[in-house]
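Summary of the model geometry
Each chain is listed here by its residues.
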Amino acid sequence: MNTDAAVAVVDLVLRYGFVDRMDEANAELERLGWIPEPIDGDGSCLDTKWQYPSSDYMWRVYSGLAGAEFSVGLMVNTDLDSKAIALADSIRSVVEHWASSNEARHTREGASELWTDDVRMIELQVLPGSPAGPGKAIPPALQLVVSNEEKP
């Protein structure tokens, strides 16, 4: 179910990833079993946090508006780097399918993969875990951000 939930969110964001369609995306997230939690409620960027409760991992989807910008971020903490990589591979296939039909450009910048078209920027990266040291251990994670691309 973990991969299915991620792929469903990615597909949803790619289909509804525009400012005027966020209400439809929110309704679909609720239908898929994600639970919304208001963050600040002022209509600014990142004003809703979504959690997927029936999962082995910590799932968070942040969505919101900032002026004319649209942004959705998916963060999934896993217990192993290999699980984060496998999840990234599943998500990459969904993004590549979208990119092939939207003439999106693909680039790599360090540990990040970027896809851009005339409207959206999509960034996918796997964040490796770090062992417990003086602070708390950080679990491996997958991070995906979809936003409206700013025009020069």
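Refer to the structure above for everything that follows.
Summary of the structure given here. (Residues numbered from 1 in each chain as written. Predicted model: local features only at pLDDT ≥ 70, side-chain atom pairs only at ≥ 80, totals over all residues. Heavy atoms only, no water.)

Tallying secondary structure elements over the protein gives three helices and eight strands in all. Within the protein, the proportion of its 152 residues that are buried is 42%. Intrachain contacts of the protein at a sequence separation of at least 6 include 46% that bridge at least 24 residues. Taken as a whole, the protein presents about 8200 Å² of accessible surface, with 54% of it coming from carbon and sulfur. (Helix = DSSP H or I, 4+ residues; strand = E, 2+ residues; numbered from the N terminus. Buried < 20%, exposed > 50% of the residue type's maximum accessible area, 1.4 Å probe, protein only. Contact = heavy atoms within 4.5 Å. Areas by Shrake-Rupley, 256 points an atom, 1.4 Å probe, with all protein chains shown as cover.)

Side chains that carry opposite charge are capable of pairing whenever their charged atoms lie near each other. This model, assessed by the stated rule, comprises four salt bridges. Put simply, Asp 89 and Arg 92 hold a salt bridge, and the shortest N to O gap is 2.5 Å. Taken together, the residues Asp 89 and Arg 92, both in helix α3 (residues 81-101) and three residues apart, mark about one turn of the helix. Taking the relative accessible area as the measure of exposure, Asp 89 reaches 39% and is therefore partly exposed. Of the charged contacts in the structure, one is a salt bridge between Arg 92 and Glu 113, with a shortest N-O distance of 2.6 Å. Remark: Glu 113 occurs in strand β6 (residues 112-116) and Arg 92 occurs in helix α3; sequence separation between them is 21 residues. (Salt bridge = Lys/Arg side-chain N within 4 Å of Asp/Glu carboxyl O.)

With that settled, consider unusual backbone geometry. Phi is positive for Glu 103, close to 50°, though the residue is something other than glycine. As for its placement among the helices and strands, Glu 103 is situated in the loop between α3 and β5 (105-109). On the basis of relative accessibility, which here comes to 71%, the residue Glu 103 falls in the exposed class.

Spatial relationships are all this shows, so hold off on functional conclusions.
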